[in-house]
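# Results of the structural survey
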Amino acid sequence: MDAEIRSITARAHTKITDAIRDQDGPAAMRRMARHVCGFADAAARVDRRGQVELSGPTED
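An account of the accompanying structure is given in this report. (Residues numbered from 1 in each chain as written. Predicted model: local features only at pLDDT ≥ 70, side-chain atom pairs only at ≥ 80, totals over all residues. Heavy atoms only, no water.)

### So, the pattern of salt bridges
Where charged atoms of side chains with opposite charge meet at close range, the side chains can pair. The final tally for this structure, using the stated rule, is one salt bridge. In this structure, the salt-bridge partner of Arg21 is Asp18, at a minimum N-O distance of 3.5 Å. Of this pair, Arg21 and Asp18 both sit in helix α1 (residues 3-21), three residues apart, roughly one helical turn. (Salt bridge = Lys/Arg side-chain N within 4 Å of Asp/Glu carboxyl O. Helix = DSSP H or I, 4+ residues; strand = E, 2+ residues; numbered from the N terminus.)

### Quick notes on unusual backbone geometry
Residue Gln23 is not a glycine yet carries a positive backbone phi of 55°. By the element assignment, Gln23 lies in the loop between α1 and α2 (25-46).

### Remarks on the environment of His35
Looking at the secondary structure, you find His35 in helix α2. Accessibility expressed as a relative area gives 18% for His35, which makes it buried. As a C-alpha pair, His35 and Arg11 span 24 residues in sequence and 10.0 Å in three-dimensional space. (Buried < 20%, exposed > 50% of the residue type's maximum accessible area, 1.4 Å probe, protein only.)

### A closer look at the layout of surface pockets
Here the largest pocket defines a volume of roughly 470 Å³. Taken together, 17 residues line the largest pocket, and the ones lying closest to its centre are Ile8, Thr9, His35, Gly38 and Phe39. Every element with two or more residues in the lining of the largest pocket is listed here: α1 and α2. Looking at which element gives the most residues to the lining of the largest pocket, the answer is α2, with nine residues. Here the lining of the largest pocket is built from residues that sort into nine nonpolar, three polar and five charged. (1 Å grid on protein atoms, 1.4 Å probe; cavity = no way out; pocket = protein on both sides within 12 Å on 5 of 7 lines; lining within 4 Å. Points joined across faces, edges and corners; volume = space filled by probe spheres on them. Nonpolar A, V, L, I, M, F, W, Y, C, P; charged D, E, K, R; others polar.)

Written as structure tokens, this is what we have:
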């Protein structure tokens, strides 16, 4: 991960955290969705697998 990606990620996390702190649920949901979708798009450009297997939750 390069410095630009770290900077973009830090800004996204700050905006999400600010919305949560402000108790603005709709804004937090929008910002989190935008962040996750942006990450998924970036990851898809790097990782060309057709699908990723996910496991269920594990118990500690």
